[in-house]
Structures are given as C-alpha cells and as structure tokens.
Amino acid sequence: MSSFLTTAGFKKLSLAEIRANLEAEHRIVFGSGVDLSPEGPLGQSVAISSKYLADTWEGLAEVYTARDPDTATGVALDELYAEIGLKRLEPTQARAPGVYLWTTYGMSTTIPAGSAIKAASGGSTYSLDSDVVVSGASMPTSALKGIRLRFKASYLPADEVALSLDGHGVYAAYGTHTSVSALAQELVSDIVNLGLGYSASVYTDSGNVYLQIIADSLHLISATGFTDDHDQWQVALTGDFTCDDYGAVSVPALSLDTIATPISDWISIYQPIAGISGTDTETDTEFRLRKAQGLRSGTATEDAIWAAVYRVPNVARVVVSSNRGMAQDAEGRPAKSFEVVVEGGANAAIAQAIWGAMPAGILPYGTFESPNIPTAVGTDGAVHQVNFSCPK
C-alpha cells in the first residue's frame, strides 16, 4: 500500500513538507552547498514548484474526501448516494387545492387551466391545474360547490324568503326582524339544522347581504324572495392550483384572495383551507439524515416502508401509519392494515416501492378507488393492487 494512502486514511503532504523534499533532492543532485535561499533562482524555482505540487495534493485530498459521505458535498454527495439508489429531493411547488371559484349565476363560464390567482399582498402566482366549467343553466342548477343568493335591500313584514336545496326546503318570513342580516341569520340556522352537511353563513360585500351556502355537492332547486336580478347571485365550483415558483412557499388559509387572470363573469375566489407548502432542494445535511434513517429502518416495518417510498424520485413527504388493532381505527383504517400518505412521485413507482418493503398478509390501505388503485409487480410476475393516499 502507498505510504500516502494507509489504513488510517489519506495522508496529504503539506506545502512545507513538499518544499523540504524538493530542497533535499536538489542537494543530492547539485551538492550540499547549492544556493536554495528564497532570493536565489533555484530557491524561487523550488518555491513555485512546491506551490503547484501542494495544489495537486489539495486536489487529491478533495477527491479522497468526496468518497466519504460524511464530508462529500453537492454533486459529489449526489453521485455517492446514487450508488445505493438515493436521489437528492428536488424543490417542489406549493399547492392550493379546493379553492372556490365564484362566478355569475346563470352564465356559462369556463376558467381555463393556467388561469392564475395570488395574494393581494404580492408574492407568487398560482395556476389552475385543469379547466373548471360552470354551467349556465338556471334552477334547478347542476351540481355546485357553493351558492350566494343576494337579499333585497329591504323587506316588508309580510315578505317571505324561501329556497329548496336538493329537495329540502327552508323558509323565513321577515315579520318582526329588524334587519336583512337578522333574516339571513334565521335562514342560516335553518339550513344548518337540516343536518345534511351544508355550511351556511351570511356574506356581505359592498353593503349587500348574501346567503352563502357551501357543500361537497348541492343543487339549487328553487329560490324566492331574494333580489330579482339573478345576475347579482353567484355560484361556485372548486379548482386546484399549483404555485408557479419552486421552493419553500407556504400557503396559509385565506392567503390567496386575488384573481391574476381576469375572465368575464369570474368574480372572486375563496381559499378556506391551508395549502401544501413547497420545499427547497434538499440540503446535504437533510440528505445524509434521510440516508441514515433508511439504513436503520430494517425490513417490513413502518420505517422500512417510509425509507423505500422516500427513495422514489420526486417524493417530497412520506407518512406511514398502521392499525395494529382488530377493529377499524378512528382514521378509517381497517384492522391489521397500514396507510402510506405520499406527496409527490409517480404512483406506479410508489406502489412498487411499498410492495417491496411491506409485510406479507397486511392490507395496504389508501384513498384510491377501483379501478384506479395503483399496482405493483411481484417477483413472480403477478400484478398486485397497492393502495396508498395522497394529500388533497
């Protein structure tokens, strides 16, 4: 073995050692009385050569340390971990799912993919993932996510307001109410008391009072007693948006409130839930930690499944939970099952990673529904369904 690459590692020569070695070689060749003073020609030549050789030794040391996962950085660390199937996590885009897109009632409106929204305070824009098409049909409406019915500016005591949602009616008389808002609040209470999962509230805009109703799906069958100008009513469907920038961008609830791509009859947006934050490129420290966690994970365990899925390219986050009990748990997982929640990555690659790490005879639970459940191929060539979940 070389005297510079020993069992203790790489031994780098210092500049002083290199100069001393060169001076010793010069004395052997030219005699012990040779002038190697710093001012003399040979002394200056030795100094120049020593510096070039010292730089070469520094380069050799860098190549050596680049093979050490504890000291390698950047591309060197990427290449080192690629040998064991690990890839540095790339930056991801923040996402804002389930944003309500409010449009004019009765108007056919298409909000095309790529339409942008943003926060009024500035920052990144978010683009719509796919077209949202709102039917222009009047009552009964097609399935909606929300409606806003504008009240008249004033009512007489004998005036009545009524509406029917999916065949369920509510009714209120102005009677002794002292304001339109009070009348609206009575309807809100009646709608909530239906127990059908509708979210109702009083919405105001520029002094106008609206009855706002939100649900996973609702049909407005009829409505009377509201303003006769139905152009003042609003309906909503939801759309999913993706940040146009990569990196650590957070999306708090209600932060996105401005339309950046004006479209006729697209009135406003409403973002009731927090989105999924974006992430920066994985740092060297985070990369090393993820690798260490994977090596300690064992097999057929939650940690093993976590590590296997994290190795899938473009996977940004993984959470593995299991139900070891004999009955369905509070999260809906069946008895003796586990659930993997994954953000990012290709579904087929994720399913294959789970299959390779999961225990035999245990159900992989998830939110995909047949026939769209991802599959993996076993060593016998058989195709197996492997369910998991993705954040909405």
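In this text the structure is predicted, and so the values were computed from the model without any measurement. (Residues numbered from 1 in each chain as written. Predicted model: local features only at pLDDT ≥ 70, side-chain atom pairs only at ≥ 80, totals over all residues. Heavy atoms only, no water.)

Draft legend 1. Layout of the overall build of the chain. Of regular secondary structure, the chain possesses seven helices and 21 strands. Relative to the compact-globule value of 21 Å for 392 residues, the chain shows a C-alpha radius of gyration of 34 Å, a clear excess of over 25%. Reported as C-alpha extents along the three principal axes, the dimensions of the chain are approximately 125 × 60 × 35 Å. Residue burial in the chain is summarised as follows: out of 392 residues, 38% are buried. Contacts spanning at least 24 positions in sequence make up 64% of the contacts within the chain whose residues lie at least 6 apart. When the accessible surface of the chain is totalled, it reaches about 20,400 Å², and 54% of it is carbon and sulfur. One finds the centroid of the 24 positive side-chain charges in the chain at a distance of 8 Å from the centroid of its 43 negative side-chain charges. (Helix = DSSP H or I, 4+ residues; strand = E, 2+ residues; numbered from the N terminus. Rg over C-alpha atoms; globule rule 2.2 N^0.38 Å. Buried < 20%, exposed > 50% of the residue type's maximum accessible area, 1.4 Å probe, protein only. Contact = heavy atoms within 4.5 Å. Areas by Shrake-Rupley, 256 points an atom, 1.4 Å probe, with all protein chains shown as cover. Lys, Arg positive; Asp, Glu negative; His and termini not counted. Charge placed at Lys NZ, Arg CZ, Asp CG, Glu CD.)

Draft legend 2. Inspection of the nonpolar core at higher detail. In terms of nonpolar packing, the biggest core is built from 47 residues, with Phe151, Leu163 and Phe226 touching the most fellow members. With six residues, the top contributor of residues to this core is helix α4 (residues 180-193). Excluding residues that lie within four positions of it along the chain, Leu163 makes contacts with Leu149, His168, Gly169, Val170, Leu187, Leu211, Ile213, Leu220, Ser222, Ala223 and Phe226. (Core = buried A, V, L, I, M, F, W, Y, C linked by side-chain atoms within 4.5 Å.)

Draft legend 3. How the structure looks around the layout of surface pockets. The volume enclosed by the largest pocket comes to roughly 320 Å³. Thr92, Gln93, Arg95, Glu343 and Gly344 are, among the 18 residues lining the largest pocket, the residues nearest its centre. Counting residues per element, the lining of the largest pocket draws most heavily on strand β18 (residues 337-344), which supplies three residues. Its residues assigned to classes, the lining of the largest pocket shows eight nonpolar, seven polar and three charged. (1 Å grid on protein atoms, 1.4 Å probe; cavity = no way out; pocket = protein on both sides within 12 Å on 5 of 7 lines; lining within 4 Å. Points joined across faces, edges and corners; volume = space filled by probe spheres on them. Nonpolar A, V, L, I, M, F, W, Y, C, P; charged D, E, K, R; others polar.)

Draft legend 4. Local environment of the sheet that holds strand β17 (residues 315-323). Reading across from one edge, β17-β18-β19 is the order of the three strands in this open sheet, with mixed pairing throughout. The strands lining the two open edges of the sheet, one partner per strand, are β17 and β19 (363-365). Across the sheet, the mean angle from the axis of one strand to that of its neighbour is 25°, orientation sign disregarded. As judged from the eight bridges shared by β17 and β18, these two strands associate in the antiparallel manner. When the sheet's bridge partners are listed, Val315 is paired in β18 with Gly344. Of the strands in this sheet, β17 and β18 touch helix α6 (residues 302-310), which is tilted by about 160° from β17. (Pairing = 2+ DSSP bridges. Axes fitted to C-alpha atoms, helices over the stretch in contact; angles between N-to-C directions.)

Draft legend 5. Structural view of empty space enclosed by the protein. According to the stated counting rule, one finds one cavity of 30 Å³ or more in the structure shown. Estimated volume of the largest cavity: approximately 40 Å³. Lining the largest cavity are Tyr105, Gly106, Val134, Ser135, Ala137, Thr141, Ser142, Leu144 and Val235. Looking at side-chain class alone, the lining of the largest cavity contains five nonpolar, four polar and no charged residues.

Draft legend 6. Here's a closer look at the environment of Phe10. Along the chain, the position of Phe10 falls in strand β2 (residues 9-10). Given the relative accessible area of 25%, Phe10 is considered partly exposed. C-alpha of Phe10 to C-alpha of Thr65: the two residues are 55 residues apart in sequence and 8.8 Å apart in space. If sequence neighbours within four positions are ignored, Phe10 has contacts with Phe4, Leu5, Trp57, Leu60, Ala61 and Tyr64.

Draft legend 7. Spatial organisation of the sheet that holds strand β10 (residues 168-173). The antiparallel open sheet is built from three strands, whose spatial order is β10-β9-β13. If you trace the sheet from one side to the other, it starts and ends with β10 and β13 (220-224), each paired once. Adjacent strand axes in the sheet meet at a mean angle of 5°, parallel and antiparallel pairs treated alike. Contacting β9 (160-165) and β10, α4 crosses the sheet at an angle of about 155° to β10.

Draft legend 8. Focus on the pairing of β18. Extensive coverage of β18 is indicated by the burial of six of its eight residues. Across three bridges, the pairing between β18 and β19 is parallel. By the bridge assignment, Glu339 is partnered in β19 with Tyr365.

Draft legend 9. Spotlight on the side chain of Thr141. Structurally, Thr141 can be placed in the loop between β7 (132-134) and β8 (144-150). At 3.0 Å, the side chain of Thr141 and the backbone nitrogen of Leu220 are in polar contact. Apart from residues no more than four positions distant in its own chain, Thr141 is found in contact with Tyr105, Leu218, His219 and Leu220. (Polar contact = N/O pair within 3.5 Å; in protein donor to acceptor, adjacent residues only side chain to side chain.)

Draft legend 10. A look at the side chain of Asn323. The residue Asn323 is located in strand β17 in this model. Overall, Asn323 belongs to the buried group, its relative accessible area being 9%. A distance of 3.1 Å separates a polar atom in the side chain of Asn323 from the backbone oxygen of Arg333. If near-sequence neighbours (up to four positions away) are discounted, Asn323 is found in contact with Gln328, Asp329, Arg333, Pro334, Ala335, Lys336 and Ser337.

Draft legend 11. Layout of the packing of helix α1 (residues 15-30) against helix α2 (residues 41-65). The interhelical angle for the contact between α1 and α2, taken along N-to-C directions, is 135°, at an axis separation of 9 Å. By the angle between their axes, α1 is oblique relative to α2. Judged by the twist between their axes, the crossing of α1 over α2 is right-handed. Residue-level contacts link Leu15, Ile18, Arg19, Leu22, Glu23 and His26 of α1 to Leu42, Gly43, Val46, Ala47, Ser49, Ser50, Lys51, Leu53, Ala54 and Trp57 of α2. Of the residues belonging to the contact of α1 with α2, the class tally is nine nonpolar, four polar and three charged. (Parallel < 35°, antiparallel > 145°, perpendicular 65-115°, else oblique. Left-handed = near helix turned anticlockwise from the far one by under 90°.)

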